[in-house]
Amino acid sequence: MKLCLVVDDSKVIRKVARRILEELHFDIEEAVDGQDALEACERNMPDVVLLDWNMPVMDGLEFLRAVRARDDFEQPIVVFCTTENDMAHIRTAIEAGANEYIMKPFDREIIEAKFSQVGLM
Amino acid sequence: MKTEDFDFLSGMLKERSGLMLTQDKIYLLESRLTPLARKRGLDTLDALIQKLRMRADQGLIRDVTEAMTTNESFFFRDNTPFDLFKNHVAPAMEKARGNQKRLRIWCAAASTGQEPYSLAILLREQWHKWKDWRIEIIGTDICTQVLDKAKAGSYSQFEVQRGLPIQLLIKYFKQEGDIWRLNDEIRNMVTYRPFNLLDNFIGLGNFDIIFCRNVLIYFDQPTKSAVLNRMAKTLAKDGTLFLGAAETVLGITDEFRPVRGQRGLYVPSSGEAEKLMGLG
């Protein structure tokens, strides 16, 4: 089973994402902000990170840039999942190395479609 | 709903659109036609049925037919047919039509446009190959309302996230408030027109590729046969036909045969399109 790290400061979102992804046969770890997620990556690198943008301590974009700058990391697939839904944010995320981008609100079909586009399913 | 009312409505829908409704779809009649009844100033679905029985109001009949024909669609739906198109069908046509540089594609149930636009995007992604070709993508649907939406090329945030890779969203769409609108370069590649698959196909011309996915499932056996046989006449001998994953030609027509190992892909029985596609 593939491991997905769900990074979101909202407990509700993490719970919804976990339920959908478990149905799609992923193992789940959770992190509450970018810093927490980085530490999780150092312990156990996930196959994919589902990443919120706006979070306290370290936001999603900072996390992504930090991960992509690390040459000692086995690079994970990163899928943004955020309420930021304008073209400028999307471009910034993709240029920083995000593989896909989900605009909230999301549902199972969107997660499934995006995950299969990046070859996870 | 009374049995005679169901029989009346399902008979009318079959005659108009080929749509086959069984008794277990009564809920669908109620959920889709009740809002239509209200829009027409009628209190109940019964009142709507009364009205239809009293007089063959063509406008009302058309609205009922449109409300009942399923219109769910998304970009690159089911992936596989689009991979086949990109990797086998389009290269085969590039070879076979290399002299005349002309390609005609028909999406026979275009709905809100995602399927024809997905094909247009795939061709646009290899534009160096196709830029001096005359490519026609014709999208038809029985429902004029969905075609209006298709022509506009405007989709909700939800719609652009189902099947469309983010890179293609960035490349081919403009954001207008809550709406994502396809660029003109893609929109202009597709023409739409209302068309009923039960009518004759004269006037559509001939095609190299036909997409007719998830439509035949709503038709009874003789209607399926008739539609497929007429499609065979409009399709080039080295052309291809895409059907939905749950659909088949087996036992319905001898005009097409499935391409082995390629679900949903069919070729004229009299031709040898597999070789051309490298699938022989």
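In the block above lies the structure referred to throughout.
Described below are features of the structure shown in this document. Small disclaimer: the values here were computed from a predicted structure and weren't measured.

### Some words on the sheet that holds strand S8 (residues 235-243) of chain B
Residue and element names in this part refer to chain B. Pairing is mixed in the open sheet, where seven strands are placed in the order S6-S2-S1-S7-S8-S10-S9. In this open sheet, the two strands that pair with only one neighbour each are strand S6 (190-194) and strand S9 (256-258). If you compare each strand with its neighbour and ignore which way they point, the axes differ by 25 degrees on average. Strand direction decides the pairing type here: strand S2 (residues 134-141) and S6, joined by five bridges, are parallel. Of the residues in S6, the one forming a bridge with Gly-139 is Tyr-192. Sitting on the sheet, helix H5 (residues 80-96) touches strand S1 (102-107), strand S7 (207-212), S8 and strand S10 (265-268), and the angle it makes with S8 is about 170 degrees.

### Brief notes about the nonpolar core
Phe-85 and Phe-173 of chain B are the most contacted members of the largest nonpolar core, which has 76 residues in total. The element best represented in this core is H5 of chain B, accounting for seven residues. Here Phe-173 of chain B is in contact with Met-87 of chain A together with Phe-75, Tyr-155, Val-160, Leu-164, Leu-168, Trp-180, Arg-181, Leu-182 and Asn-183 of chain B, once residues within four sequence places are set aside. Formed by 24 residues, the second largest nonpolar core is a distinct cluster that contains Leu-204, Val-215, Met-231 and Leu-241 of chain B.

### Looking at the pairing of S10 of chain B
Residues and elements named next belong to chain B. Inspection of the sheet shows S8 paired to S10 by two bridges, in the antiparallel sense. Paired with Leu-241 across the bridge in S10 is Tyr-266. Alignment of S9 against S10, held across three bridges, turns out to be antiparallel. Its bridge partner being in S10, Phe-256 is matched across the sheet by Pro-268. Connecting S9 to the antiparallel partner S10 that follows it, the hairpin turn spans six residues, and Gly-261 within it adopts a positive phi of roughly 80 degrees.

### Things to note about the pairing of strand S1 (residues 2-7) of chain A
Residue and element names in this part refer to chain A. In terms of burial, S1 is largely enclosed, as five of its six residues are buried. Both S1 and strand S2 (residues 26-31) contribute to a ladder of six bridges, which runs parallel. Bridging from a neighbouring strand, Val-6 pairs with Glu-30 of S2. Traced from S1 through helix H1 (residues 11-23) to S2, the parallel crossover comes out right-handed. The pairing of S1 with strand S3 (residues 48-51) spans four bridges and is classified as parallel. Among the inter-strand pairings, Cys-4 is bridged to a residue of S3, identified as Val-48.

The rules behind these values
Residues numbered from 1 in each chain as written. Chains lettered and ligands numbered in written order. Predicted model: local features only at pLDDT ≥ 70, side-chain atom pairs only at ≥ 80, totals over all residues. Heavy atoms only, no water. Pairing = 2+ DSSP bridges. Helix = DSSP H or I, 4+ residues; strand = E, 2+ residues; numbered from the N terminus. Axes fitted to C-alpha atoms, helices over the stretch in contact; angles between N-to-C directions. Contact = heavy atoms within 4.5 Å. Core = buried A, V, L, I, M, F, W, Y, C linked by side-chain atoms within 4.5 Å. Buried < 20%, exposed > 50% of the residue type's maximum accessible area, 1.4 Å probe, protein only. Right-handed = clockwise from strand over helix to strand, strands pointing away.

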